[in-house]
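Results of the structural survey
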Amino acid sequence: MDITEKLLANTPDEQGRFGQYGGRFVSETLMFALDELEQVYDKLSKDPEFQRELDEDLAHFVGRPSPLYEAKRWSDRVGGARIFLKREDLNHTGAHKVNNTVGQALLARHMGKKRVIAETGAGQHGVATATVAARLGMECQVFMGEEDVRRQAQNVYRMRLLGAEVIPVTSGSRTLKDAMNEAMRDWVTNVDDTFYIIGTVAGPHPYPKLVRDFQSVIGREARAQCQQMCGRLPDALVACVGGGSNAIGLFYPFLADTEVAMYGVEAAGLGLDTTEHAAPLAAGRPGILHGNRTYLMQDENGQIMHTHSVSAGLDYPGVGPEHSWLKDIGRVNYVSANDKEALAAFSDLNRTEGIMPALESSHALAYAGKLAATMTPDQFIVVNLSGRGDKDIHTVAEVTGFDIEGVSQ
Amino acid sequence: MSRISGRFAELAASGKRAVIPYVVAGDPRVATTVPLMHALVGAGADIIELGVPFSDPMAEGLVIQVAHERALANHVSLRQVLGMVGEFRQQDQETPILLMGYANPVERMGYSEFAEAAAEAGLDALLTVDMPPEEVADLNAQLKRFDIDNILLVSPTTSIQRVEKIAELASGFVYYVSLKGVTGAATLDPVEVAVRVREIRELCQLPVAVGFGIKDAATAASIAVVADGVVVGSALVQKAADTAAQGGDDAAVAAAAAALVAEIRAGVDAAVSS
């Protein structure tokens, strides 16, 4: 399929479809709220005043543009192509998630909503939501799987400090997918006064589109920065894919530039040959969950499967519908990195660049290192360093058998 | 005329309302379900609504969520649920059966294959919670091949225009969700329901059944006077679960659930005859 500007402008279509993916698979009660959100967003996204407000927040509250940084020592170590990191870890709250929450919070305020809710896995989206809610004086409740509450205790506390209530979800597998179920249940109950800030490019239309649009600032900046620093577009882009918002954010402004190769890196967990992974694009098949049709990890009866990744933010059985479409039309290559490779990349970037990446981003780094080695020094890659890794140090210590509590003795 | 339309016509002719109990297939045990269905019919159920277990039942409150989890622990699949329908049909060719579930198990089986297997088993209708009118066309086309009714939801937030669209696509009856919320919520307002049901009736020729929040004979009676049918789910599922948890066998579970349905039947009949 030819990827033209025209095709991209019409995707998703009016029904929220990216090819056969996406759509609006929700109960009837939510349909009016999605219609309303779509109308408000259509109007505001063309409103210069709204754009000015958004740009101002991105500049002065989030701290954009984020730098494009050449990781020279790490590049030298892995060999081959030069590697640049898009430093989303330097954003306020430490990840790309805030680009989207700032935008959705402005929508919520325009719609007169007094309360926001969110689901969170690693806690980064929860923190980013709690942050914008605090700033706009909105009530905020964040749904988080009990298992993730345990893994990401530090982010739970951050959300509480920001005045949000964190509600542990004890149903199902007690991770991100169950948090999203519970957020949907809350939304259907409180739909009149509540805005649901979805954290990734999934969910029912128009969420995949509006989250993509808010995250596309990453790719727009990266494009200009590549032109400025290297005089041309990059040879390849690499980003991790859980739900896929940081990846879409980086990829989207480059989709029509067919000379730019793209790699979305899923979490292979303990290996794609086991059931302990979170790679629906590599090993799943299309189905319907959380309001959209997309690739899912599911069994032969259509039940959603348990997933595993060392990184809580990638531990999700689905993926944004636009990624499913980009896979099928062959525009993006979807690959994977396992827990071990991600942990090694985490360590390498710390030691060679003095940058502590999130475990999610470490999956992208792991693949980028392998990819760079197959390329030449006159080529260059941009990796989305989607978040910082401070939140993950307890997980890393646990996995590597290091006793953090005992370090002072 | 489908079994469901026929049943509503009979009820209307005799001035009665449909009592529609909901249970989750395979909960608390696989062997419970078919005898339980017969017991519910014996207690006065007009239509049986059978929940298809799903890993992510987004529209359900806690009571039905854990029922889905129990059924999944018993490895109950959509194919097996259709097997239960077929087994029920061996003894009862009269009582309509409606499956209520989520899109993905049907999607995974394939719409065409599902419709064929459902017809073979003797299923009458399907309600897919997460398939609003905008998404249901392909599935509907397959169901129509076998005259299986497609039950669509109308909610308190559904606009007049949408009700008209739903009336065009639905068959059998329209399921009015009585409140904004999940199944088993506690805030049913009979006056508001009455107003909405009247509105729906003006736009739609189909019977209107009301569900979500109906938990006993009194709430059922308050709704029965304004609607064509009442669905009782969470209260029944809870009763079955409590009975099983206290060591009750399948017969005891069926008896306990049947007792609640009998109370509701009596309450509904008394309310509409007075």
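Residue numbers here run from 1 along each chain, matching the order of that chain's written sequence. Here chains are named by letter from A upward and ligands by number from 1 upward, in the order in which they appear as written. Since the coordinates come from a predicted model, pLDDT governs what is reported: local features require at least 70, and pairs of side-chain atoms require 80 or more to be given and counted, while whole-chain, interface and lining totals use all residues. Heavy atoms from the whole structure form the basis of all side-chain values; hydrogens and water molecules are not counted.

As for the overall build of chain B
Helices and strands together make up the secondary structure of chain B, namely twelve helices and nine strands. Here the C-alpha radius of gyration of chain B, 17 Å, is about what a compact globule of 274 residues would show, namely 19 Å. Overall, chain B is about 45 × 45 × 35 Å in size when its C-alpha atoms are taken along their principal axes. Categorising residues by exposure relies on relative accessible area from a 1.4 Å probe, with only protein chains included: less than 20% of the type maximum marks a residue as buried, more than 50% marks it as exposed, and the intermediate range marks it as partly exposed. The buried share of chain B, taken over its 274 residues, is 61%. When contacts within chain B are restricted to residue pairs at least 6 apart in sequence, long-range pairs at least 24 apart make up 74% of them. In these tables, accessible area is a Shrake-Rupley quantity obtained with a 1.4 Å probe, and a residue counts as shielded only by the protein chains included in the view. When the accessible area of chain B is evaluated, it comes to approximately 9,600 Å², of which 53% is carbon and sulfur surface. This count recognises Lys and Arg as positive and Asp and Glu as negative, with His and chain-terminal groups excluded. For this purpose, a charge sits on NZ of Lys, CZ of Arg, CG of Asp or CD of Glu. Considering chain B, the positive charge centre built from 20 side chains and the negative charge centre built from 34 side chains are found 3 Å apart. The helix and strand labels rest on DSSP assignments: H or I over at least four residues marks a helix, E over at least two residues marks a strand, and numbering proceeds from the N terminus. Note on method: radius of gyration uses C-alpha positions; expected globular size equals 2.2 Å times residues raised to 0.38. The contact criterion used throughout is that any non-hydrogen atoms of two residues lie within 4.5 Å.

Quick notes on the UniProt feature "active site" (unreviewed entry) in chain B
UniProt positions are given in the numbering used here, feature names are shortened, and annotations may be inferred rather than shown by experiment. UniProt feature "active site" (unreviewed entry): in the numbering of this structure it lies at E49 and E60 of chain B. If we ignore the near neighbours within four places in the chain, the residues touching E49 of chain B are I20, P21, Y22, V23, L98, M100, L127, Y175 and V231 of chain B. Leaving out residues up to four positions away in the same chain, E60 of chain B has contacts with R185 of chain A together with Y22, Q65, H68, Y102, V182 and T183 of chain B.

Things to note about the interface of chain A and chain B
If you look at the interface, chain A gives 38 residues, while chain B gives 35 residues. Buried area counts how much accessible surface, traced with a 1.4 Å probe, disappears from two parts once they are put together, with both parts' losses summed. The largest contributions to the chain A side of the interface with chain B come from E28, R185 and Q303 of chain A, which together make up 23% of the buried area. Salt bridge, as applied in this entry: a Lys or Arg side-chain nitrogen positioned within 4 Å of an Asp or Glu carboxyl oxygen. On the surface where chain A and chain B come into contact, there are five salt bridges. Where D56 of chain B meets K177 of chain A, a salt bridge forms, and the shortest distance between an N and an O atom there is 2.9 Å. Polar contacts here mean pairs of N or O atoms no more than 3.5 Å apart (in protein, one a potential hydrogen donor and the other a potential acceptor; neighbouring residues in sequence count only if both atoms are side-chain atoms). The interface formed by chain A and chain B contains 22 residue pairs in polar contact (both at pLDDT 80 or more). No other element matches helix α9 (residues 176-189) of chain A, which puts eight residues into the side of chain A that touches chain B. Residue composition of the side of chain A that touches chain B, grouped by class: eleven nonpolar, 14 polar and 13 charged. In this classification, Asp, Glu, Lys and Arg are treated as charged, Ala, Val, Leu, Ile, Met, Phe, Trp, Tyr, Cys and Pro as nonpolar, and every other residue, Gly included, as polar.

Describing the pairing of strand β7 (residues 174-177) of chain B
All names here are of chain B. Residues V174 and Y176 of β7 are buried on one face, and the alternating residues Y175 and V177, pointing to the opposite face, are buried as well. As paired elements, strand β6 (residues 152-154) and β7 share three bridges and run parallel to each other. Within β7, the position partnered with V154 by the bridge is Y176. What joins β6 to β7 is helix α8 (residues 160-169), and the crossover it makes is right-handed. Here, any two strands with at least 2 DSSP bridges between them count as paired. Bridge analysis of β7 against strand β8 (residues 208-211) gives four bridges, and the strand direction is parallel. For a crossover, the right-handed case is the one in which the path from the first strand over the helix to the second runs clockwise, viewed with the strands pointing away from the viewer.

Brief notes about the packing of helix α2 (residues 33-42) of chain B against helix α12 (residues 250-273) of chain B
Residue and element names in this part refer to chain B. In this description, a line fitted to the C-alpha atoms serves as the axis of each element, helices being fitted only across the stretch in contact, and the angle between N-to-C directions of two axes falls anywhere from 0 to 180 degrees. α12 packs onto α2 with a crossing angle of 30 degrees between their chain directions and a minimal axis gap of 9 Å. With respect to each other, α2 and α12 are oriented roughly parallel. Our pair here, α2 against α12, has a crossing hand that is right-handed. Mapping the contact onto sequence places P35, L36, A39 and L40 in α2 and V253, A254, A257, A258 and V261 in α12. Looking at the contact of α2 with α12, its residues break down into nine nonpolar, no polar and no charged. Should an angle fall under 35 degrees it is taken as roughly parallel, and over 145 as roughly antiparallel, whereas 65 to 115 is taken as roughly perpendicular and any remaining angle as oblique. Crossing handedness follows the turn of the near helix against the far one: under a right angle anticlockwise gives a left-handed crossing, and clockwise gives a right-handed one.

With respect to helix α3 (residues 48-62) of chain A
Given 3.6 residues per helical turn, the α-helix brings residues three or four places apart onto the same face. Residue and element names in this part refer to chain A. By definition here, a helix of n residues has an expected span of 1.5 Å times n minus one. If you check α3, its first and last C-alpha atoms are 20 Å apart, about what 15 residues at 1.5 Å a residue would give, namely 21 Å. Buried within α3 are the following residues: F50, E53, L54, D57, L58 and V62. What you see down the axis of α3 is that its buried residues fit within an arc of 135 degrees, all on one side. Away from the buried face of α3 by more than 90 degrees, exposed residues P48 and H60 are located. In this structure, the buried side of α3 is in contact with α2 (28-45), α5 (97-110), α6 (124-136), α10 (207-215) and α11 (217-230). Backbone nitrogen of E49 and a side-chain oxygen of the N-cap are separated by 2.9 Å at the start of α3; the cap is D47. Phi turns positive, to about 95 degrees, at G63, one or two residues after α3. Here, the arc refers to the directions that run from the helix axis to the C-beta atoms.

Some thoughts on the sheet that holds β8 of chain B
Taken together, the nine strands give an open sheet; going across it, the order is β5-β4-β3-β2-β1-β9-β8-β7-β6 (chain B), and neighbouring strands pair in parallel fashion. Of all strands in the sheet, those bounded by a partner on one side alone are β5 (149-150) and β6 of chain B.

Remarks on the side chain of Q65 of chain B
Within the secondary structure, Q65 of chain B is located in helix α3 (residues 62-73). Not counting chain neighbours up to four residues away, the residues in contact with Q65 of chain B comprise S171, E182 and R185 of chain A together with P57 and E60 of chain B.

As for unusual backbone geometry
Residue and element names in this part refer to chain A. The omega angle of the peptide bond from T11 to P12 is 5 degrees, so this bond is cis rather than trans. Position of P12 among the secondary structure elements: in the loop between α1 (5-9) and β1 (17-18). In this chain, H205 is followed by P206 through a cis amide linkage whose omega measures 10 degrees. Relative to the assigned elements, P206 resides in the loop between β8 (194-196) and α10. Backbone geometry at T93 places phi at a positive 75 degrees, although glycine is not the residue there. With respect to the helices and strands, the residue T93 is situated in the loop between β4 (82-87) and α5. Looking at T93, the relative accessible area reads 7%, which means it is buried.

A few points about the sheet that holds strand β12 (residues 291-296) of chain A
All names here are of chain A. A sheet is described by the order of its strands in space; here four strands give the open sequence β1-β2-β12-β11, paired in antiparallel fashion. In this open sheet, the two strands that pair with only one neighbour each are β1 and β11 (285-289). As paired elements, β11 and β12 share five bridges and run antiparallel to each other. Bridge assignment links G287 to a residue of β12, and that residue is T294.

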